Amino acid sequence: MDSKTLMIQGTTSDAGKSTLVAALCRVFNRQGLSVAPFKPQNMALNSAVTADGGEIGRAQAVQAQAARLEPHVDMNPVLLKPNTDTGCQVIVQGQAAENNMEAWGYHAYKPRVMPAILQSHSRLRADYRYILVEGAGSPAEINLRENDVANMGFAEAVDCPVLLVADIDKGGVFAHLVGTLALLSASEQARIKGFIINRFRGELSFLQPGLDWLEQHTGKPVLGVLPYLAGLHLEAEDSLTNSGVAATVEKPLRVVVPWLQRTSNHTDLDPLALHPQVEVRWIGPGEAIPPADLIILPGSKSVRSDLAYLQQSGWERAIKRHVRLGGKVLGICGGFQMLGQAIHDALGIEGQPGSSNGLGLLDMETTLEREKQLRLVTGELTLAESVPVSGYEIHMGVSRGPALSRPLVTLQQGHDGALSEDNQVAGTYLHGLFEMPSACDALLTWAGLEQATTPDYHQLREAGIERLADAAEAHLDIKKIIAIADGRIES
């Protein structure tokens, strides 16, 4: 197949690369073009499990949905999941290659992952007419240029054109674009075929003089200005943003979530944040846990460290008091492990070897082991009545103890999680627990909500993708973008 690759790079992190690739994947798909997303290297704590048992960035799973494809490990061959400020787990083609690599070590390790990146890209090229590639951060990060695999290093390796996107809502958009271009080498500058401006509010005619100047000054075309889409929800690649969390208003059910230092897969809570009957409030450092119906302990990439952080913040006492007063607690993945009596990491999988005392709300202990559990699962959530549930597991801990004799979820592959005898505390390894309306209804009813009515989260996400694609078709020069991808336009 004569496959073509087009790369989207950004002037900054959160410039809109992920959403732009998702939008273009759906636009290309609407036009009957065979298209797949790709991100050579991703650093994120939000991830997804593929049908072939691998782990990729959550953003690439959303982009796959935009292209109407099943996610595959080749769409994100390198995923970095931070354990500390300076170390991370390195996942290559879906599987953990290194559990705790320091940043300086990964910098030297990058030439070893480039063959896997190129191999995954080559396999996608064999199956799809267009590969839409998302860069990482900015190509102008001088300290990361050597052995680059995420931006221009990849673009030059596969000889593909690049579009540069900037977020005007941050301010300084022309400085971002011109400055980024100025910091690139001559060959890299030539590779950029046009600019896209993202998140514009206001009257375009006021911006036009700046666009004209930008084109004259750089010799590069502006391929469109995307509007700010208020209320748009697509799952965040990593950081928690206000766009993904509902405003704090009076709603029937109050949910509180402590924000941990290494919170992972916080997208588990997105269906609740969008729920019309649920108020979700994330609690940060120095904040007291307010009155709530349900406290949720989210996933964590560094469970013992985050458990210590939770205890040092005074949240352990508040959680136990909440349970004594009749409130409910739910732990997901790492949060589930924290609910037990102890967590053991003799191998130093997530940091210094050792053991930590848990919150003691479930009679079980967890041991971190080398082999990561990665699987898609289906089964039944067993509360007052059984309802269908599906999701995915990503964990290196194995939990054992009497609490597991009362599982929260019955899976086709066995049992999962636990429910305390007093019905106050529950935990599970299952991510995506709230995405099925029936399962979400059951959990919210357990937490105290009468007549829960949960929107279909998959339909909400699909509506967000469609809205993005509509905006791209209305405001971008799609014909020119396709021509650039085809190599029919050189500048």
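The coordinates are above.
Just so we're clear, the structure is a prediction, and the values are computed from it rather than from any experiment.

A. Structural detail: the overall build of the chain. Helix and strand counts for the chain come out as 14 helices and 26 strands. Each principal axis of the C-alpha atoms in the chain carries an extent, and together these give about 70 × 45 × 40 Å. In the chain, of all internal contacts separated by at least 6 residues, the share reaching a separation of at least 24 is 73%. Accessible surface computed for the chain: about 19200 Å², of which carbon and sulfur atoms make up 50%. For the chain, the separation between the mean place of its 41 positive charges and that of its 56 negative charges on side chains is 2 Å.

B. Summary view of the sheet that holds strand E1 (residues 4-10). Reading across the sheet, the six strands line up as E2-E9-E1-E10-E11-E12 and stay open at both edges, with parallel pairing between neighbours. Only two strands of the sheet have a single neighbouring strand rather than two, namely strand E2 (35-38) and strand E12 (222-227). Here the strands of the sheet are splayed against their neighbours by 20° on average, with no regard to which way each runs. Note: strand E10 (residues 162-167) against strand E11 (residues 192-200), six bridges, orientation parallel. Bridge pairing in E11 links Leu 163 to Gly 194. Sitting on the sheet, helix H3 (residues 103-127) is in contact with E1, E2 and strand E9 (130-134), with an inclination near 170° to E2.

C. Representation of the side chain of Ser 3. Turning to its location among the elements, Ser 3 is positioned in the segment before E1. Take Ser 3: its relative accessible area is 4%, and that puts it in the buried class. Among the polar contacts listed, one links the side chain of Ser 3 to the backbone oxygen of Tyr 128, at a separation of 2.9 Å. Looking at Ser 3, its side chain comes within polar contact range of the main-chain oxygen of Arg 129, at 3.4 Å. Dropping the residues within four chain positions of it, Ser 3 is found in contact with Arg 125, Tyr 128, Arg 129, Tyr 130 and Ile 131.

D. Up close: the packing of aromatic side chains. This structure, assessed with the given rule, holds six aromatic pairs. Consider the rings of Phe 28 and Tyr 130, whose centres lie 5.3 Å apart with planes at 90°: the pair is edge-to-face. One end of the pair, Phe 28, is in helix H1 (residues 17-30); the other, Tyr 130, is in strand E9, and 102 residues separate them in sequence. Residue Phe 28 shares its accessibility class with Tyr 130, and that shared class is buried. Aromatic pair Trp 259 and Trp 282: ring centres 5.1 Å apart, planes at 70°, arrangement edge-to-face. One end of the pair, Trp 259, is in the loop between strand E13 (253-258) and strand E14 (263-264); the other, Trp 282, is in strand E15 (residues 278-283), with 23 residues separating them in the sequence. Residue class for Trp 259 comes out partly exposed when judged on its relative accessible area of 26%. On the accessibility criterion, Trp 282 (14% relative accessible area) is buried. Across the ring face of Tyr 130, the terminal group of Arg 129 is positioned such that the distance to the ring centre comes to 4.8 Å. The ring of Tyr 228 is capped by Arg 201, whose NZ or CZ atom sits 3.6 Å from the centre of that ring.

E. Region of the structure containing H3. Helix length check: H3 (25 residues) gives 34 Å between terminal C-alpha atoms against 36 Å at 1.5 Å per residue, within 8%. The sharpest bend along H3 reaches about 45° and sits at Lys 110, with the proline Pro 111 one to four residues further on.

Thresholds applied
- Residues numbered from 1 in each chain as written.
- Predicted model: local features only at pLDDT ≥ 70, side-chain atom pairs only at ≥ 80, totals over all residues.
- Heavy atoms only, no water.
- Helix = DSSP H or I, 4+ residues; strand = E, 2+ residues; numbered from the N terminus.
- Contact = heavy atoms within 4.5 Å.
- Areas by Shrake-Rupley, 256 points an atom, 1.4 Å probe, with all protein chains shown as cover.
- Lys, Arg positive; Asp, Glu negative; His and termini not counted.
- Charge placed at Lys NZ, Arg CZ, Asp CG, Glu CD.
- Pairing = 2+ DSSP bridges.
- Axes fitted to C-alpha atoms, helices over the stretch in contact; angles between N-to-C directions.
- Buried < 20%, exposed > 50% of the residue type's maximum accessible area, 1.4 Å probe, protein only.
- Polar contact = N/O pair within 3.5 Å; in protein donor to acceptor, adjacent residues only side chain to side chain.
- Phe/Tyr/Trp six-rings, centres within 6.5 Å; stacked < 30°, edge-to-face > 60°.
- Lys NZ or Arg CZ within 6 Å of the ring centre and 35° of its normal.
- Expected span 1.5 Å × (residues − 1).
- Bend = angle between axes of the 7 residues up to and from the residue.

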